[in-house]
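# Chains, contacts and geometry: an overview
So you can see what is in the structure, the chains are spelled out below.
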Amino acid sequence: MGLLFRERRGPAWKHGWTEQTLASVSAPPLPLLAIFGIIILLLTLSSYINYRLQMQQSMMHLKLFLLILPLLLILAAQLTWSFRPGTRWASQDIAGNVPWTVLLLVVVLLVMVSYHSQIQSIWTPTV
């Protein structure tokens, strides 16, 4: 039977220190727990306020970026078209072909018109 279970050998005072330690541990006093809880609550509230401020600033920057985005797309399309070698607006008009940048601009404008009400509801605050 000694092979299956570990038998205690030696004096009893050597083997009971862990049980005695765990039995003597008590919960911290309630005032200490209350102070600790208040400190945690104040730290959480402070970080939440900082989080909300950061989130509002990020939303303002995103709205500004979305406001300027169509202008940036038009500028990028114009620069891309002007730096292509061997193409001219006049030659494209004579041939009757529409440049791909104009086609892209029309698609962007159609998407903006189709989502106008949703974007306007996001940008204007609800009253």
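Residues numbered from 1 in each chain as written. Predicted model: local features only at pLDDT ≥ 70, side-chain atom pairs only at ≥ 80, totals over all residues. Heavy atoms only, no water.

## Some remarks on the overall build of the chain
- When its secondary structure is counted, the chain shows six helices and zero strands.
- Secondary structure elements in the chain, listed N-terminal to C-terminal, are α-α-α-α-α-α.
- Scored against the burial criterion, the 127 residues of the chain give a buried share of 6%.
- Per element, the accessible surface of the chain, about 11,800 Å² overall, is 72% carbon and sulfur. (Helix = DSSP H or I, 4+ residues; strand = E, 2+ residues; numbered from the N terminus. Buried < 20%, exposed > 50% of the residue type's maximum accessible area, 1.4 Å probe, protein only. Areas by Shrake-Rupley, 256 points an atom, 1.4 Å probe, with all protein chains shown as cover.)

## A closer look at the packing of aromatic side chains
- Overall, the coordinates contain one aromatic pair when judged by the stated rule.
- For the pair Tyr-48 and Tyr-51, a centre-to-centre distance of 6.3 Å together with 35° between the ring planes defines the contact as tilted. Placement of the pair is Tyr-48 and Tyr-51 together in helix H3 (residues 30-82), with a separation of three residues, close to one helical turn.
- On the basis of relative accessibility, which here comes to 46%, the residue Tyr-48 falls in the partly exposed class. (Phe/Tyr/Trp six-rings, centres within 6.5 Å; stacked < 30°, edge-to-face > 60°.)

## With respect to empty space enclosed by the protein
- Within this structure, the stated rule accounts for one cavity of 30 Å³ or more.
- Contributions of two or more residues to the lining of the largest cavity are made by H3 and helix H5 (100-114).
- Residue contributions to the lining of the largest cavity peak at four residues, all from H5.
- Considering only residue class, the lining of the largest cavity consists of six nonpolar, one polar and no charged. (1 Å grid on protein atoms, 1.4 Å probe; cavity = no way out; pocket = protein on both sides within 12 Å on 5 of 7 lines; lining within 4 Å. Points joined across faces, edges and corners; volume = space filled by probe spheres on them. Nonpolar A, V, L, I, M, F, W, Y, C, P; charged D, E, K, R; others polar.)

## Some thoughts on H3
- The end-to-end C-alpha distance of H3, which contains 53 residues, comes to 75 Å, matching closely the 78 Å that a straight helix rising 1.5 Å per residue would cover.
- Of all bends in H3, the biggest is about 40°, found at Ile-68, and the proline Pro-70 comes one to four residues later.
- The set of residues buried in H3 consists of Pro-70, Ala-77 and Trp-81. (Expected span 1.5 Å × (residues − 1). Bend = angle between axes of the 7 residues up to and from the residue.)

## Focus on the packing of H3 against H5
- Their axes nearest at 9 Å, the elements H3 and H5 cross at an angle of 170°. Here H5 runs roughly antiparallel to H3, going by the angle between their axes. Each of Pro-70, Leu-73, Ile-74, Ala-77, Thr-80 and Trp-81 in H3 lies in contact with H5, whose residues at this interface are Trp-100, Thr-101, Leu-105, Val-108 and Met-112.
- Residue composition of the contact of H3 with H5, grouped by class: nine nonpolar, two polar and no charged. (Axes fitted to C-alpha atoms, helices over the stretch in contact; angles between N-to-C directions. Parallel < 35°, antiparallel > 145°, perpendicular 65-115°, else oblique. Contact = heavy atoms within 4.5 Å.)

## A few points about the confidence of the model for the chain
- On average, residues of the chain score 76 in pLDDT, and 71% of them reach the 70 mark or higher.
- Per-element confidence in the chain ranges from a low mean pLDDT of 50 for helix H4 (residues 89-95) to a high of 89 for H3. (pLDDT = per-residue confidence, 0-100.)

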